[in-house]
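Here are the chains, one letter per residue:
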Amino acid sequence: MTIALNRFSRVLALAASLLSATALAGGAQAQDEGIVVYNAQHESLGREWIDAFTKETGIKVTMRQGSDMQFANQIIQEGDASPADVFLTENSPAMTLVDDAGLFAPVDKETLDQLPEQYRPADGMWTGIAARTTVFAYDKTKLTEDKLPKSLLDLADPAWKGRWGAAPAGADFQAIVSALLQLKGEDATKAWLKGLKDNATPYKGNSVAMKAVNAGEVEGAVIYHYYWFGDQAKTGENSKNVGLHYFKNQDPGAFVSVSGGGILKSTQHMKEAQAFLKFITGKAGQAVLKDGTSYEYAVGKDAASNDKLVPLSDLNAPKVEASTLDSKKVVELMTAAGLI
């Protein structure tokens with residue numbers, strides 16, 4: 001009996017040892033996996049940030065690439081079971097959608113303090129990481145400065161019928177409409193969307209719209225600035241005939257869209273996720289925007305943007321509260337207008 005009990009004790013000890021080893025291996029594996037980032041920013045920019053972060057900290061990052069609203073809706077569907085630790089976007093409405101669902105953890109104060117207040121929401125549940133401005137890309141061979149629209153709202157005038165283009169189905173453009181809704185109200189937004197439907201040619205993406213301007217298909221297009229700068233930095237073949245018109249004057253067409261970063265409250269790697277957001281909003285992460293190929297604006301305190309860009313301070317952009325941009329209402333209005 002004693003022999004049997006001794007054998008049983010040894011079996012239990014061996015089993016416990018194996019379970020402990022398995023747990024340690026699992027823990028080490030989880031640590032080796034690092035964090036998962038749902039990246040709706042441009043893939044090249046996301047990769048530059050991640051490579052720089054991993055080089056500095058040794059923390060591994062797995063990047064999954066997608067679009068703003070695709071990931072926002074996916075995170076909401078996944079809820080507390082989301083495998084994501086961090087969510088990065090091109091525009092802020094997707095951040096607001098996830099924030100409203102209560103799925104973000106508060107961003108560390110040290111990280112928030114790295115940005116001016118206008119580039120982060122008051123609730124501190126996510127933070128700005130970069131920015132882009134709306135522009136009117138125009139055909140320099142057809143339009144002179146005196147013939148350019150003074151306001152984004154002018155493009156709804158019948159005089160512009162068939163003369164301009166946009167990419168209304170994309171999150172970029174819907175962010176612009178979100179700003180218009182906040183600044184001018186629902187009636188003005190409905191009227192402008194009707195003008196968009198009547199006057200503009202729809203394209204699949206900002207770069208396609210810019211190419212159409214360059215090719216003489218339309219006289220102008222509403223896009224974000226960096227598509228032009230990015231093409232110019234390469235061959236310039238898709239923008240050689242294109243100039244950029246900045247609306248300024250706090251016009252809705254001077255809207256500056258803030259890209260966002262947030263941490264999922266369900267993360268099992270809170271320390272590492274917080275470190276990642278702190279890095280990309282800090283000196284080294286914002287330097288990637290200045291020295292890299294994204295041509296997006298840096299938003300950190302005292303952070304310099306690429307020298308080729310018109311300074312943010314010179315854009316005279318309207319004041320927009322990024323955390324209250326209403327993407328759901330915009331989709332509703334644009335669907336009713338027959339645009340998406």
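Whatever comes next refers back to the structure up there.
These lines cover the structure that appears in this document, whether it is placed above or below. All values derive from a computational prediction rather than experimental measurement.

The rules behind these values
- In this convention, every chain numbers its residues from 1, walking through the sequence in written order.
- For this predicted model, a pLDDT threshold of at least 70 governs which residues receive local features, and a threshold of 80 or more governs which side-chain atom pairs are given and counted, while totals over whole chains, interfaces and linings are taken from all residues.
- Note: side-chain values were computed over all heavy atoms of the structure, leaving out hydrogens and water.
- Only DSSP runs of H or I covering at least 4 residues are called helices, and only runs of E covering at least 2 are called strands; the numbering of each starts at the N terminus.
- With a 1.4 Å probe rolled over the protein chains alone, any residue whose accessible area is under 20% of its type maximum counts as buried; one over 50% counts as exposed, and the rest are partly exposed.
- Any two residues having at least one pair of non-hydrogen atoms within 4.5 Å are treated as being in contact.
- Here the accessible surface of atoms and residues is derived via Shrake-Rupley with a 1.4 Å probe, and residues count as covered only by protein chains that are part of the display.
- Between the N-to-C directions of two axes lies an angle of 0 to 180 degrees, each axis being a line fitted to C-alpha atoms and, for a helix, fitted only over the stretch in contact.
- Each angle is binned into one of four classes, with values under 35 degrees roughly parallel, values over 145 roughly antiparallel, values of 65 to 115 roughly perpendicular, and all other values oblique.
- Should the near helix be turned counterclockwise from the far one by less than a right angle, the crossing is left-handed, whereas a clockwise turn marks it as right-handed.
- Ten residue types, Ala, Val, Leu, Ile, Met, Phe, Trp, Tyr, Cys and Pro, are classed as nonpolar, four, Asp, Glu, Lys and Arg, as charged, and the remainder, Gly among them, as polar.
- Exposure above 30% relative accessible area and the lack of any salt bridge qualify a residue for a patch; like charges then connect within 9 Å, and the nonpolar side chains Val, Leu, Ile, Met, Phe, Trp and Tyr within 5 Å.
- Counted as salt bridges are all cases of a side-chain nitrogen of Lys or Arg within 4 Å of a carboxyl oxygen of Asp or Glu.
- Working convention for charge: Lys and Arg count positive, Asp and Glu count negative, and His plus the chain ends are omitted.
- Each charge is placed at NZ for Lys, CZ for Arg, CG for Asp and CD for Glu.
- We call Phe, Tyr and Trp rings a pair once their centres come within 6.5 Å, taking the six-membered ring for Trp, and we label the pair stacked below 30 degrees between planes, edge-to-face above 60, and tilted otherwise.

**Things to note about the overall build of the protein chain**
Alright, step 1. Helix and strand counts for the protein chain stand at twelve helices and ten strands.
Alright, step 2. Along the first, second and third principal axes, the C-alpha atoms of the protein chain reach 100 × 40 × 35 Å.
Alright, step 3. Expressed as a percentage of the 340 residues in the protein chain, the buried residues total 51%.
Alright, step 4. The long-range share in the protein chain, meaning contacts at least 24 apart out of those at least 6 apart in sequence, stands at 76%.
Alright, step 5. For the protein chain, the exposed surface amounts to about 15800 Å²; the carbon and sulfur share of it is 52%.

**Remarks on the packing of helix H7 (residues 186-199) against helix H12 (residues 327-336)**
Alright, step 1. The geometry of H7 relative to H12 is characterised by a closest axis approach of 10 Å and an angle of 45° between their N-to-C directions. Looking at the two axes, H7 sits oblique to H12. In this structure, H7 meets H12 at a crossing whose hand is right-handed. Only Lys329, Leu333 and Met334 of H12 make contact with H7, whose side of the interface consists of Glu186, Thr189, Lys190 and Leu193.
Alright, step 2. Residues belonging to the contact of H7 with H12 are distributed by class as follows: three nonpolar, one polar and three charged.

**Considering the environment of Leu45**
Alright, step 1. Take Leu45: it is sitting in helix H2 (residues 43-57).
Alright, step 2. The sequence separation of Leu45 and Asp302 amounts to 257 residues, and the corresponding C-alpha distance is 20 Å.
Alright, step 3. Setting aside residues up to four positions removed in sequence, Leu45 forms contacts with Val288, Leu289, Ser294 and Glu296.

**Points about a negative patch on the surface**
Alright, step 1. There is a patch of like negative charges on the surface, built from Asp100, Asp123, Glu321 and Asp326.
Alright, step 2. Along the chain, Asp123 turns up in the loop between helix H5 (109-112) and strand S5 (127-139).

**A closer look at the packing of aromatic side chains**
Alright, step 1. If you walk through the whole model with that rule in mind, you get twelve aromatic pairs.
Alright, step 2. For the ring pair Tyr224 and Tyr226, a centre distance of 6.4 Å and an interplane angle of 25° mean the geometry is stacked.
Alright, step 3. Taken together, a centroid distance of 4.9 Å and an interplanar angle of 85° make the contact between Trp228 and Phe229 edge-to-face. Take Trp228 and Phe229: they sit in the same class, and that class is buried.

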